[in-house]
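Residue-level structure breakdown
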Number of protein chains: 2
Amino acid sequence: MNTIYVVGIGPGQYEKMTIEAAEVLRKSDVIVGYTVYVDLVKEHFPGKQFLTTPMRKEAERCRMAFEEAMKGQTVAMICSGDAGVYGMSGLMYEIGTEYPQVELKLVGGLTAATSGALVLGAPLIHDFAVISLSDLLTPWEKIEKRLSLAAEADFVICLYNPSSKKRKDYLQRACDLVLVHRSPETVCGYVRNIGRDGEEGHVLSLKELRDTQVDMFTTVWIGNSQTKKIGGKMVTPRGYRAEGERQ
Amino acid sequence: MNTIYVVGIGPGQYEKMTIEAAEVLRKSDVIVGYTVYVDLVKEHFPGKQFLTTPMRKEAERCRMAFEEAMKGQTVAMICSGDAGVYGMSGLMYEIGTEYPQVELKLVGGLTAATSGALVLGAPLIHDFAVISLSDLLTPWEKIEKRLSLAAEADFVICLYNPSSKKRKDYLQRACDLVLVHRSPETVCGYVRNIGRDGEEGHVLSLKELRDTQVDMFTTVWIGNSQTKKIGGKMVTPRGYRAEGERQ
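Below is a short write-up of the structure.

With respect to the sheet that holds strand 8 (residues 156-160) of chain B
Backbone hydrogen bonds are what pair the strands of a sheet, in a parallel or an antiparallel way. Spatial strand order, 10(A)-9(A)-11(A)-8(A)-7(A)-7(B)-8(B)-11(B)-9(B)-10(B): 10 strands in an open sheet with mixed pairing. Bordering the open sheet on either side are strand 10 (200-205) of chain A together with strand 10 (200-205) of chain B, each of which pairs with just one other strand. Taking each pair of neighbouring strands and ignoring which way they run, the sheet shows an average axis angle of 15 degrees. Contacts between helix 6 (residues 140-152) of chain A and the sheet are confined to strand 7 (128-132) and strand 8 (156-160) of chain A, with strand 7 of chain A contributing the most and set at about 165 degrees to the helix. Along the sheet face, helix 5 (residues 112-120) of chain B touches strand 7 (128-132), strand 8, strand 9 (187-192), strand 10 and strand 11 (218-222) of chain B and points at about 75 degrees away from the line of strand 11 of chain B.

Have a look at this one:
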């Protein structure tokens, strides 16, 4: 049986990959991925064949991986973060129905929600919701409804794809929806270039976040009603029972 | 400055740890953790001093780590999964205010939401909410409200701590709340012993999940309205726009 490994490489730095991911890339013949991610790993895996496609050519990239596997090559399809979080593993299963001879093996990686949280402190210690603000495949009304309900539920909220050239005011619109349910002083944070050169984290209030312009390399965290700032870090307590927090 | 590394070791297997986590444990003098997690890593890091406390002695465990760091030791505090997801890093910042001479450095790990998802297929390809059913520090009414709002928002829902000896019917109660908004045929899954001996994943319908008894070593995923079963795997599509899914 031919095998494709679908591998999350984490935020970017080699050290933040799992040991298993590095082993799998080392034993692969062909590494397939979006150009930017291939560039992140290339130097650590010399002698491999690298195949890339640009953004939004995801289905084409998947077929490229299956075609290589059909030739008998050991193939790794790489994604940044975890391939199972807004990643390629879903599409690989869907397209995989056309290639029943090929088996998929998934290898996990650190997704931005957790790898970026470390830069800010400990925002995800309690229940959280992860929402992408990209309306490429999801109607904006659906995203708005999720933001409102997640805010009402007092989830810590992590926002993927908070901005792009075409969606400059989406983060502002998201903050406005959350502000209906949450104080303007709610502790928030954002991280740019998680685990890559130029990584920078900022902790700020929800009302400040509303008026901040972020770019497409940024991930955002909005605290719940209990999240606080400790020594400049964003920290969510383990629960709602004060007497239990320091037992 | 004295340093404590707060390290997520992932689900348990050495290979599923990040390269950075293994490096940090290798250079530490003392490894502090809950007994079960220390037993998972012990054999891979010979010659270390291991300090453990039982469950629910978290504050004591933190102080133990700070006291060791104050002696000049390089200390690693380990957690299963990611220390920032229902983990110890929050409490470490809180208790850390008593030890201003000690610096915390956080090292990420694969959390159960993502490492278990790989066993089932690709359930987290779209927006999701992570909810713990433990009412130890959170009132049950709050948890119920979150479940209802997350179900209404059509989030994929990942449940941590779905059961314990005292909370045998909590998963059933959670499913009943989700069933108000979602079809009984919704594709769901659960994984027992993620990344450890005896790992087992099951894909089933929401109405079947409702009548399944799981234990405290289990994590649960409830699909959104679009999640489907492909070749026995649980797969959530990338969006709601059919024409976009296979561009």
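That shown, we press on.
Some thoughts on the packing of helix 3 (residues 58-70) of chain B against helix 4 (residues 89-96) of chain B
Residue and element names in this part refer to chain B. Two numbers describe how helix 3 lies on helix 4: the axes approach to 10 Å, and their chain directions differ by 60 degrees. In terms of crossing hand, the pair formed by helix 3 and helix 4 is right-handed. Each of Glu58, Ala59, Cys62, Arg63, Ala65 and Phe66 in helix 3 lies in contact with helix 4, whose residues at this interface are Leu91, Met92, Ile95 and Gly96. In terms of residue class, the contact of helix 3 with helix 4 is built from 7 nonpolar, 1 polar and 2 charged.

Overview of the pattern of salt bridges
Taken as a whole and judged by the stated rule, the model has 28 salt bridges over all chains. When the shortest N-O distance is used, the salt bridge between arginine 210 of chain A and aspartate 176 of chain A registers 2.6 Å. Linking arginine 210 of chain A in helix 8 (residues 206-210) with aspartate 176 of chain A in helix 7 (residues 170-179), this pair joins segments that are 34 residues apart in sequence. Classification of arginine 210 of chain A as partly exposed rests on a relative accessible area of 25%. Assessed through its relative accessible area of 32%, aspartate 176 of chain A is described here as partly exposed. A salt bridge links arginine 238 of chain A to glutamate 58 of chain B; the shortest N-O distance between them is 3.7 Å. Placement of arginine 238 of chain A in the segment after strand 13 (233-235) and of glutamate 58 of chain B in helix 3 is noted, with the two residues assigned to different chains. Residue arginine 238 of chain A shares its accessibility class with glutamate 58 of chain B, and that shared class is buried.

Points about the sheet that holds strand 5 (residues 102-107) of chain B
Residues and elements named next belong to chain B. The strand order across the open sheet built from 5 strands is 3-2-4-1-5, with neighbouring strands paired in parallel fashion. Unpaired on one side and paired on the other, strand 3 (49-53) and strand 5 mark the two borders of the sheet. Ignoring which end each strand starts from, the neighbouring axes of this sheet average 25 degrees apart. Pairing of strand 2 (residues 30-34) with strand 3, which is carried by 5 bridges, proceeds in the parallel orientation. Within strand 3, the residue paired with valine 30 across the bridge is glutamine 49. Lying over the sheet, helix 4 contacts strand 1 (2-8), strand 4 (75-79) and strand 5, oriented at roughly 170 degrees with respect to strand 5.

Quick notes on the interface of chain A and chain B
Many descriptions give the size of an interface as the accessible area lost when the pieces come together. In this complex, chain A contributes 75 residues to the contact, which on the side of chain B involves 75 residues. Both sides together, the interface formed by chain A and chain B hides about 6,600 Å², and carbon and sulfur atoms give 59% of it. Put simply, chain A and chain B have 10 salt bridges between them. In this structure, the salt-bridge partner of lysine 142 of chain B is aspartate 154 of chain A, at a minimum N-O distance of 3.9 Å. On the surface where chain A and chain B come into contact, there are 31 residue pairs in polar contact (both at pLDDT 80 or more).

Focus: helix 6 (residues 140-152) of chain B
All names here are of chain B. For helix 6, with 13 residues, the first-to-last C-alpha span of 18 Å sits near the 18 Å given by 1.5 Å per residue. Among the residues of helix 6, Trp140, Ile143, Arg146, Leu147, Leu149, Ala150 and Ala151 are the ones counted as buried. Positive phi shows up at aspartate 154, right after helix 6, with a value of about 60 degrees.

Notes on the packing of aromatic side chains
Taken as a whole, this structure holds 10 aromatic pairs over all chains when the rule is applied. Considering the side-chain rings of tyrosine 14 of chain B and phenylalanine 45 of chain B, the 6.1 Å spacing of their centres and the 55 degrees angle between planes classify their relative orientation as tilted. With tyrosine 14 of chain B in the loop between strand 1 and helix 1 (19-27) and phenylalanine 45 of chain B in the loop between helix 2 (35-41) and strand 3, this residue pair connects regions lying 31 residues apart in the sequence. Each member of the pair, tyrosine 14 of chain B as well as phenylalanine 45 of chain B, carries the same accessibility label: buried. Ring geometry for tryptophan 140 of chain B against tyrosine 170 of chain B: centres 4.3 Å apart, planes inclined by 40 degrees, an arrangement best described as tilted. With tryptophan 140 of chain B in helix 6 and tyrosine 170 of chain B in helix 7 (residues 170-179), this pair connects stretches of sequence that are 30 residues apart. The exposure class of tyrosine 170 of chain B is buried, given its relative accessible area of 10%. When the ring centre of phenylalanine 155 of chain B is taken as reference, the NZ or CZ atom of arginine 146 of chain A above it lies at 5.4 Å.

With respect to the environment of threonine 212 of chain B
Residue and element names in this part refer to chain B. Secondary-structure assignment places threonine 212 in the loop between helix 8 (206-210) and strand 11. With 175 residues separating them along the chain, threonine 212 and tyrosine 37 place their C-alpha atoms 27 Å apart. Not counting chain neighbours up to four residues away, the residues in contact with threonine 212 comprise Leu171, Tyr190 and Leu204. A distance of 2.8 Å separates a polar atom in the side chain of threonine 212 from the backbone oxygen of glutamate 208.

Cut-off values and rules
Residues numbered from 1 in each chain as written. Chains lettered and ligands numbered in written order. Predicted model: local features only at pLDDT ≥ 70, side-chain atom pairs only at ≥ 80, totals over all residues. Heavy atoms only, no water. Pairing = 2+ DSSP bridges. Helix = DSSP H or I, 4+ residues; strand = E, 2+ residues; numbered from the N terminus. Axes fitted to C-alpha atoms, helices over the stretch in contact; angles between N-to-C directions. Contact = heavy atoms within 4.5 Å. Left-handed = near helix turned anticlockwise from the far one by under 90°. Nonpolar A, V, L, I, M, F, W, Y, C, P; charged D, E, K, R; others polar. Salt bridge = Lys/Arg side-chain N within 4 Å of Asp/Glu carboxyl O. Buried < 20%, exposed > 50% of the residue type's maximum accessible area, 1.4 Å probe, protein only. Buried area = accessible area lost by both parts, 1.4 Å probe. Polar contact = N/O pair within 3.5 Å; in protein donor to acceptor, adjacent residues only side chain to side chain. Expected span 1.5 Å × (residues − 1). Phe/Tyr/Trp six-rings, centres within 6.5 Å; stacked < 30°, edge-to-face > 60°. Lys NZ or Arg CZ within 6 Å of the ring centre and 35° of its normal.

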